[in-house]
Amino acid sequence: MAKITGSFCVLVLIIALHYGGQAVRADDFTHHEALDEEEKFHLFWKFDDEKIEFEAHVQTTGWFGMGLSPNGGMPGSDIAIGWVKDGKAHLTDHYADAKAQPPVDESQDWELVSGYENGTHTVLRFNRKLTTCDEKDRVISEDTMRVIWAWHDQDPDEASGVSGPSYHGSNRGTRATRLLQRIVPEQTISIGTTYTHDLLMNNVAVPGNQDTTYWCQLFKMPELASKHHVIKAEPIVQPGNEGTVHHLLVYTCKKNPNITIMPEGHPGHQCYTPNMPGDWMECYQGSIMLAWAIGSGPIVFPEHVGYPISDEDDSGYVLMEMHYDNPLLASGIRDSSGIRLTYTPELRDNDLGTLEVGGLVSKFQVIPPHVQEFTSAGFCSTRCLNAFLEEHGQPIHIISANLHSHLLGVKLNARLIRDGVEIDIVRDDNYDFNLQYERKLKEELTIYPGDILITECIYDSSHKDFVTYGGLGTPEEMCETFFMYYPKFNLSRCDSLPNVYHTVGFAGVQDFTLTDNGEPGIIITAPAHMVNMTYEEAMEAVPWTSENGQIFSEYLLNSTFYSICQATHQSNVDTGPLVGYADRFPRGTKRPTEDICSRSATPTPDPVGGSTALQPQHAAVYTLTAYLLALVITGMN
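Starting afresh in each chain, residues are numbered from 1 along the sequence in its written order. Whole-chain, interface and lining totals are the exception, using all residues; otherwise, since this is a predicted model, local features are given only for residues with pLDDT of at least 70 and side-chain atom pairs are given and counted only at 80 or more. No hydrogens and no water enter the side-chain calculation; it runs on all heavy atoms of the structure.

Here we come to the packing of aromatic side chains. Aromatic ring pairs are described here by two measures, namely the spacing of the ring centres and the angle between the planes. Aromatic rings from Phe, Tyr and Trp, taking only the six-membered ring of Trp, are treated as a pair when their centres fall within 6.5 Å; an angle between ring planes under 30 degrees marks them as stacked, one over 60 as edge-to-face, and anything in between as tilted. All told, the structure shown has 22 aromatic pairs when counted by the stated rule. Look at Tyr485 and Phe489: their rings are 5.3 Å apart centre to centre, the planes differ by 80°, and that puts the pair in the edge-to-face class. For the residue pair Tyr485 and Phe489, the accessibility class agrees, reading buried in each case. By the ring-pair criterion, three or more aromatic residues cluster together here, those being Phe374, Phe506, Trp544, Phe552 and Tyr555. Charge-over-ring placement is defined geometrically: NZ (Lys) or CZ (Arg) within 6 Å of the ring centre, and within 35 degrees of the ring normal. Residue placement shows Lys46 over the ring face of Phe29; its charged tip is 5.5 Å from the ring centre. Residue placement shows Arg128 over the ring face of Trp110; its charged tip is 5.5 Å from the ring centre. Classification of residues uses two cut-offs on accessible area relative to the type maximum, computed with a 1.4 Å probe and protein chains only: under 20% is buried, over 50% is exposed, and between them is partly exposed.

Pasting the structure below:
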């Protein structure tokens, strides 16, 4: 797997690359990635609010190209092609409107800074404005970017035209990355005052008969005489399993002197199954210590926060839940991956917490097929947020966020509504399931009573022929944001879900009864021609098209929602009265956004009012919601 590195110690990244025995240094850059598996194309970069500067080190004495693509392919890409010939560096700006040699852009916005060539490598430094206002250029934003690359061993005969760069052949590829990723510098800690503790799975046999596996293991934390702070978490992925280890969550367990401890060397258990000790489920009632996902590097906490361990509420045990992804159903995979925690007795000013907000993980989330942009969303009700902020006695401050969906997610965002005004917290309009970075906010965001938090996911199901449901598995879907904040309070999850009566009502269901076979289900009782159909059969019977899929999305967002919140075991808040059965999806007026190219502001239309066509049947809804509450503990997953 290509290496990804970042400087966490200083703001200067110094990488020594040996080209034919000669060490070449790339100084004063904050980011670095090897774009290809063989690490022949190294890209360094740094950025400010207006411009990004790159330095490419490519193992060729011919030309190389680097481009920004909407989806990893050629069409629509903004491309820079460079080379060194007769001691002179060249760089030209191109665009691609087809899978063919890209023509030269009339507006040359890639600017060459310097370049040279040695016996094995071509090195060019160049920059570009983040927004050029050239319609053939791509805006460089905080979205996930698809960087395409190529090279050839010969210099081009001409800079453009039919005699331009020779075809690259197999020397090409694409890589997803976040170019505008903010890095928290690692703070200086007194020598001898930091310690590490590894949470590692023990030779887990990843099942070869299922594409998704959640594996749980209970770990004993270090026995410490006083409170400490975790200040860093580093993934430890077993070599060869980089494509299998997808993400993990670590939960702090509630105090239980009789909690089931496995014998030394025991691999643990598959989560949410009868084989997993029942008292391990109590750990889901604790706090989320951390969430890590594929594509992320080490998680370094800012110098004023740390996650508390060995305080008066600490049980001394944590539960790690690992998501293994095995879409090819490969057999024989063994894994001992995990996370390394760095902790210190030098306490920071604030205790860190993690809050999940979004859609309740449930098969009652429905994404119809054949829809290029289908919107689902979830929110944290003001009832829940206010109750826990009141218990806390002070506001919280968000420092970062992780957006999470599965394979269909293409555009995700987390938003805040305050005093009727809606603003983005984080947004990725080019989301990649396999690159789930922690997104550090440029400025901390304070959350007060009365605020509303929303997670919105836009899915592309245009290639699907069947309905996709919400659930734990990778082929299923989720819509969540994990907010990292301080100071830590007693709310761990706050979710919502469209009223199931509206969901099945769109399919023609008029009435149903509930079933409980380990998870909520329904048996349709009206109309007569749908009697005894299953929930899935009813939803699949809809003649889904792009048009009625969009109508279904708007219908749900304008209907009513269930809303729930989960407290940690330290809380005195009674969450029962906080459950909502007929909440409206919250909407605010978006602030006008300035178009820096035209210097004009385009106001967002006022929000559309909600439909009141259907009203929930409260007795059945209460029972159904009781079932749904059990799903809250199933998490990001």
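After presenting the structure, the write-up continues.
Criterion for a disulfide: a pair of cysteine sulfur atoms at a distance within 2.5 Å. All told, the structure shown has six disulfides when counted by the stated rule. Cys253 shares a disulfide with Cys283; S-S distance 2.1 Å. On the sign convention where negative means left-handed, the S-S torsion of about 95° between Cys253 and Cys283 marks this disulfide as right-handed. Residue Cys253 is found in the loop between strand 18 (245–252) and strand 19 (269–270), and its partner Cys283 is found in the loop between strand 19 and strand 20 (288–293); the two are separated by 30 residues along the sequence. For the residue pair Cys253 and Cys283, the accessibility class agrees, reading buried in each case. Between the sulfur atoms of Cys380 and its disulfide mate Cys494 the distance is 2.1 Å. For the disulfide bridge between Cys380 and Cys494, the dihedral angle about the S-S bond is near 80°, and by the sign convention the bridge is right-handed. Of the two residues, Cys380 sits in strand 29 (residues 374–380) while Cys494 sits in strand 37 (residues 491–498), which places them 114 residues apart along the sequence. Look at Cys380 and you get buried, because its relative accessible area is 0%. Under the scheme used here, helices are H or I runs from DSSP no shorter than 4 residues and strands are E runs no shorter than 2 residues, and both carry numbers assigned from the N terminus.

Geometric descriptors of this kind do not, in isolation, establish any biological role.
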